[in-house]
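Chain and residue survey
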Amino acid sequence: MSRIVRTRPEGSGQALSEAYDTALLDLDGVVYAGGNAIAYAVESLGTARAGGMHLAYVTNNALRTPDAVAEHLTALGIPTVASDVITSAQAVARLISEQVPAGARVLVIGGEGLRVALRERGLEPVDSADDEPVAVVQGYGGPDLTWSRFAEACYAIARGVPWFASNTDLTIPGARGIAPGNGAAVEVVRIATGGDPQVAGKPLPPMHRETILRTGAERPLVVGDRLDTDIEGAFNGEVDSLLVLTGVTDGAQLLAAPPQHRPTYVDADLRGMLTGQPEVVEAGDGFRCGGFTATAGSEELELAGEGEALDGLRALCAAAWTAAGEGSCELDGGKALARLGL
């Protein structure tokens, strides 16, 4: 499928909450971190909802059920019902159900979210490779998931049972920092078995399909903090995206982003949903946004001017992405980012 290679963040004369009918919001690193609401999230989402935007919460974390996620969000001050939550557990359960008989047994390596999603699709979760499962599914099980669970997965896979994974995020943000995610656990099983799972979560098509089926979104905006899941998922689904800098992505990673990791819009946090986005324009041999102009030199990205730091970052993105074309920018942006405090 041919796609246009994005060379700069786009501008918007409308508030994003007015330009799009549905926000498909990631949770960890966007709405909350370590269970606590990220600054400005509650107020921004409340304003967007009051203005008529449908809010849907799309997470690769397969541990918790939609009911549990909705209760958590509501407790944070973001009124939510279970049908507003779409998880990678639901996406992988649908993927499995399309390949195995109704009522089949599935070995679960993960938490309650996977079990509930499998039952929703008419499948029976089991705990042992000796329970004659027809599939193995692996999802984030939290920090207390024991090593013996990985062993059960390996036993079943070695017998020829097909292996599925909710997602392969290597890390997950928490209150104390970045912790290993389900992708790290998947690598343990991959190394032990030499196998490869079918994966459902972002950025792959099964997750996008599940999201659209459940929300009915006609003009969705993906809002996330990760380039390799949220933004790439939007790219694969051919929908627009907003990257917020409240999670794992930093300025250097954004400047080096290949085409599939380049967001439509960039902002500091969820307040960016409530505003228009400044335009990035060509200026001589560089790009201007607000009071900043960025150019690509022979060895580094250069930044001139003054103004809002995010405008400088947007201008730098245009210079870096244009220089990189269909690749990844290798020019040094360290000095320019340091000047912006990023």
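Above: the structure in question.
**Description of the packing of helix 4 (residues 88-97) against helix 8 (residues 205-215)**
Interaxial distance between helix 4 and helix 8 falls to 9 Å at its minimum, and their mutual angle equals 105°. Classified by the angle between their axes, helix 4 and helix 8 sit roughly perpendicular to one another. On helix 8, the residues touching Ser88, Gln90, Ala91, Arg94 and Leu95 of helix 4 are Pro206, Met207, Arg209, Glu210, Leu213 and Arg214. For the contact of helix 4 with helix 8, the per-class residue count stands at 5 nonpolar, 2 polar and 4 charged.

**Description of the sheet that holds strand 18 (residues 292-296)**
One open sheet holds the 4 strands; their spatial order is 16-17-18-19, and the pairing between them is antiparallel. Single-partner strands in this sheet number two, and they are strand 16 (281-283) and strand 19 (301-305). Geometrically, the sheet is characterised by an average inter-axis angle of 30° between neighbouring strands, direction not taken into account. In this sheet, strand 19 lies alongside strand 18 in antiparallel orientation, the contact comprising 5 bridges. In the sheet register, Thr293 faces strand 19, and the bridge partner there is Ala304. In the packing of helix 11 (residues 309-324) onto the sheet, contacts are made with strand 17 (286-289), strand 18 and strand 19, and the angle to strand 18 comes to roughly 25°.

**Section: the nonpolar core**
Proteins that are soluble and globular tend to have nonpolar side chains buried together. Core analysis: the biggest nonpolar cluster contains 28 residues, and Leu254, Leu255, Leu303, Leu313 and Leu316 have the highest contact counts within it. Every element with two or more residues in this core is listed here: helix 9 (227-237), helix 10 (251-255), strand 17, strand 18, strand 19, helix 11 and helix 12 (334-340). With 10 residues, the top contributor of residues to this core is helix 11. With residues near it in sequence (within four places) discarded, Leu254 still touches Leu227, Leu243, Thr249, Pro263, Val266, Leu313, Cys317 and Trp321.

**Some remarks on the environment of Arg190**
Looking at where Arg190 falls in the secondary structure, it is placed in helix 7 (residues 182-193). For Arg190, a relative accessible area of 23% puts it in the partly exposed group. A sequence separation of 169 residues divides Arg190 from Asp21, and the C-alpha atoms of the two residues are 40 Å apart. Look past the residues within four positions of Arg190 in its chain and what remains in contact with it is Trp163, Gly195, Asp196 and Pro197. Polar contacts involving the side chain of Arg190 include one to the side chain of Glu187, which spans 2.9 Å.

**Brief notes about the sheet that holds strand 8 (residues 135-138)**
A sheet is described by the order of its strands in space; here 5 strands give the open sequence 7-6-8-9-12, paired in parallel fashion. Each edge of the open sheet carries a strand with a single partner, namely strand 7 (124-126) and strand 12 (198-199). In terms of strand pairing, strand 6 (residues 105-109) meets strand 7 through 3 bridges, oriented parallel. Considered in strand 7, the bridge of Val106 is made with Pro125. In the packing of helix 6 (residues 147-158) onto the sheet, the strands contacted are strand 6, strand 8 and strand 9 (163-165), and the crossing angle to strand 6 comes to about 140°.

**Here we look at the packing of helix 4 against helix 5 (residues 112-120)**
Two packed helices can be described by the angle between their axes and the distance between those axes. Look at helix 4 against helix 5: their axes get within 8 Å of each other, and the N-to-C directions meet at 40°. One way to sum up the angle between helix 4 and helix 5 is to call them oblique. Crossing angle aside, the handedness with which helix 4 passes helix 5 is right-handed. In this structure, helix 4 uses Ala89, Gln90, Val92, Ala93 and Ile96 to contact helix 5, whose residues at the interface are Gly113, Leu114, Ala117, Leu118 and Glu120.

**Considerations on the packing of aromatic side chains**
What characterises a pair of aromatic rings is the spacing of the ring centres plus the angle enclosed by the ring planes. A complete count under the given rule lists 2 aromatic pairs for this structure. For the ring pair Tyr20 and Tyr265, a centre distance of 6.3 Å and an interplane angle of 75° mean the geometry is edge-to-face. Here Tyr20 is found in the loop between helix 1 (16-19) and strand 1 (22-25), whereas its partner Tyr265 is found in strand 15 (residues 265-267), with 245 residues between them in sequence. Between Trp147 and Phe150 the ring centres are 5.4 Å apart and the planes differ by 80°, which places this aromatic pair in the edge-to-face class. With Trp147 and Phe150 both in helix 6 and 3 residues apart, the pair spans about one turn of that helix. A relative accessible area of 63% means that Trp147 is categorised as exposed.

Parameters at a glance
Numbering of residues starts from 1 in every chain and runs along the sequence as written. This being a predicted model, a pLDDT of at least 70 is required before a residue's local features are given, and a value of 80 or more before pairs of side-chain atoms are given or counted; all residues contribute to the totals for chains, interfaces and linings. Working from all heavy atoms in the structure, the side-chain values ignore hydrogens and water. Angles here are taken between N-to-C directions and fall from 0 to 180 degrees, while the axes themselves are lines fitted to C-alpha atoms, restricted in helices to the stretch in contact. Each helix corresponds to a stretch of at least 4 residues labelled H or I by DSSP, and each strand to a stretch of at least 2 residues labelled E; elements are numbered beginning at the N terminus. Oblique is the label for any angle not covered by the other classes, which are roughly parallel (under 35 degrees), roughly antiparallel (over 145) and roughly perpendicular (65 to 115). Residues count as neighbours in contact if any of their non-hydrogen atoms are within 4.5 Å of one another. In this count, Pro and Cys sit with the nonpolar residues alongside Ala, Val, Leu, Ile, Met, Phe, Trp and Tyr, while Asp, Glu, Lys and Arg are called charged and the others, Gly among them, polar. A pair of strands is considered paired only if DSSP assigns at least 2 bridges between the two. Note on terminology: a nonpolar core comprises buried Ala, Val, Leu, Ile, Met, Phe, Trp, Tyr and Cys residues joined through side-chain atoms within 4.5 Å. Think of it in three bands: residues with accessible area under 20% of the maximum for their type are buried, residues over 50% are exposed, and the middle band is partly exposed, with areas taken using a 1.4 Å probe on protein chains only. Any pair of nitrogen or oxygen atoms within 3.5 Å is treated as a polar contact; in protein, a donor-acceptor pairing is required on top of that, and neighbouring residues in sequence qualify only through side-chain atoms on both sides. Left-handed describes a crossing whose near helix is turned anticlockwise from the far helix through less than a right angle; right-handed describes the clockwise counterpart. Stacked, edge-to-face and tilted are the three classes for Phe, Tyr and Trp ring pairs, Trp counted by its six-membered ring, which pair at centre distances within 6.5 Å; planes under 30 degrees apart are stacked, over 60 edge-to-face, the rest tilted.

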